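# Fold and contact review
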Amino acid sequence: MKYNIKVQKTKQSRLAEVDFDNLPFGKVFTDHMFVADYEDGEWKDARIEPFAPFSIHPAAMVLHYGQAIFEGMKAFKNKDGEPIFFRPLEHAKRINASAHRMCMPDFPAELFEDAIHQLVDLDQAWIPQGKDSALYMRPFMIATDEFIGVRPSEKYRFMIFCCPVGAYYAKPVKLYVEQQYVRAVAGGVGEAKAAGNYAAALRPALEAQQKGYDQVMWTEAPDFKKIQEIGTMNIFFVLDGKVVTPKTNGAILKGITRKSIIAILASKGIEVEERDITIDELVEAHKCGQLQEAFGAGTAAVVSQVELIAYGDHEMKLDVANAKVAAEVKATIEGLRYGEIEDTFGWTEAVRSLEMV
């Protein structure tokens, strides 16, 4: 089934106003956005229209009870200048997993695919070309029922807008091991990309930055020992030549970049251990010279090397200049995205022009 997405093009593009050599992350928006509304048990009125603010009722349930989820994904231009996606259907699956946890309706994967193809085809001139640049896409869903009462909303809005972006982290990051606040617990909503997860992370992130660090390393309550994630990214370590990452347990986001890295390393004959990792193990490995690398993985940053981890008074400094695993997986992902490496995984997908009715 092909969905009928109505298209209203902007009368005046803002593309000429953009300085593509100086792109702040998440502050520049393309000409169009996708919108669909859920009512009476079905998604209706799928449309692409000029990017603009929209009105919302003061009693909209998202504002009071937090039914809000989102995805982060990217479109790129390969070395031939052709626009492509990287694992788009993984994002469709994950936003529906988030919707399920937050008691929201599924968004049809076929409509999701049609929407991203038509939207990016329409705004493809906004895609920056370069290995640290991309068109960042933000699909999201919010509860719009006009009702003050604790129950699932009966109305929702699904939207996608896009931002041309440069590098998320331009340099290696310094981490502060959090020992007071927690990001998520097993059985909570940590595995969902729920908006409230990120709001709850703002205070500890700010306090870490005030101490001179870039982001926090989250640990698990109640003993603050097991490592979960860093900032808004999954985390990998190279310990005595072995690649290790925390196992997902309902509190850790199942990152698509994380999943891709594990597959890339497996294709190179490198096994990734998915297991519990404690901060005590990390400190001991560092003291013994066995903590060789640490790097974050996520859609926005792709691969972000860690140069320092602070745990109390103990600082673990890392040699990022010789971080071979992080460099290799980043180069492989970039090579796949830009068509410089043959995509034997089947992860890249050319943006296609769909018939616009």
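Thresholds, definitions, all that
- Residues numbered from 1 in each chain as written.
- Predicted model: local features only at pLDDT ≥ 70, side-chain atom pairs only at ≥ 80, totals over all residues.
- Heavy atoms only, no water.
- Phe/Tyr/Trp six-rings, centres within 6.5 Å; stacked < 30°, edge-to-face > 60°.
- Helix = DSSP H or I, 4+ residues; strand = E, 2+ residues; numbered from the N terminus.
- Buried < 20%, exposed > 50% of the residue type's maximum accessible area, 1.4 Å probe, protein only.
- Pairing = 2+ DSSP bridges.
- Core = buried A, V, L, I, M, F, W, Y, C linked by side-chain atoms within 4.5 Å.
- Contact = heavy atoms within 4.5 Å.
- Patch = residues over 30% accessible without salt bridge, like charges linked within 9 Å, V, L, I, M, F, W, Y side chains within 5 Å.
- Areas by Shrake-Rupley, 256 points an atom, 1.4 Å probe, with all protein chains shown as cover.
- Salt bridge = Lys/Arg side-chain N within 4 Å of Asp/Glu carboxyl O.
- Expected span 1.5 Å × (residues − 1).
- Polar contact = N/O pair within 3.5 Å; in protein donor to acceptor, adjacent residues only side chain to side chain.

### Some points on the packing of aromatic side chains
What the rule picks out here adds up to 19 aromatic pairs. The interplanar angle of 75 degrees and the centroid separation of 6.5 Å between the aromatic rings of Phe34 and Phe158 together place this pair among those described as edge-to-face. Of the two residues, Phe34 sits in strand E2 (residues 32-39) while Phe158 sits in strand E8 (residues 156-165), which places them 124 residues apart along the sequence. A residue is classified by how much of its surface remains accessible, and Phe34, at 0% relative accessible area, is buried.

### Details of the pairing of strand E15 (residues 291-298)
Of all eight residues in E15, seven are buried, a share of seventy percent or more. The pairing of strand E12 (residues 234-239) with E15 spans six bridges and is classified as antiparallel. The residue bridging Asn234 from the neighbouring strand is Ala297, located in E15. Examined bridge by bridge, E15 and strand E16 (residues 302-311) share four bridges and lie antiparallel to one another. In the strand pairing of E16, Phe295 is matched with Gln305. Between E15 and E16, which pair antiparallel one after the other, the connecting turn spans three residues.

### Considering the nonpolar core
Ranked by internal contacts, the top residues of the largest apolar core, which has 53 residues, are Phe34, Phe107, Met137, Met141 and Phe158. Elements represented by at least two residues in this core include exactly E2, strand E3 (42-50), strand E4 (68-70), strand E5 (73-77), helix H2 (88-101), helix H3 (109-122), strand E7 (134-143) and E8. It is E8 that provides the largest number of residues to this core, a total of eight residues. In this structure Met137 touches Glu71, Gly72, Met73, Lys74, Ala75, Phe85, Ile116, Val120, Ile160, Phe161 and Cys162, once residues within four positions along its chain are discounted.

### What about a nonpolar patch on the surface?
Taken together, the side chains of Phe54, Ile56 and Leu63 present a nonpolar region at the surface, about 260 Å² in accessible area. Tracing the chain through its elements places Leu63 in helix H1 (residues 62-65).

### Quick look at helix H5 (residues 256-267)
Compared with the 16 Å implied by 1.5 Å per residue over twelve residues, the 17 Å span of H5 between its first and last C-alpha is a close match. Of the residues making up H5, those classed as buried are Ile256, Thr257, Arg258, Ser260, Ile261, Ile262, Ile264 and Leu265. Gly269 sits one or two positions beyond H5 and adopts a positive phi of about 80 degrees.

### Focus on the side chain of Ser153
Structurally, Ser153 can be placed in the loop between E7 and E8. In this structure the side chain of Ser153 is engaged in a polar contact, spanning 3.2 Å, whose partner is the backbone nitrogen of Asp145.

### Thoughts on the side chain of Glu229
Tracing the backbone through its elements, the reader meets Glu229 in strand E11 (residues 227-230). A polar contact is formed between the side chain of Glu229 and the backbone nitrogen of Leu253, at a distance of 2.7 Å.

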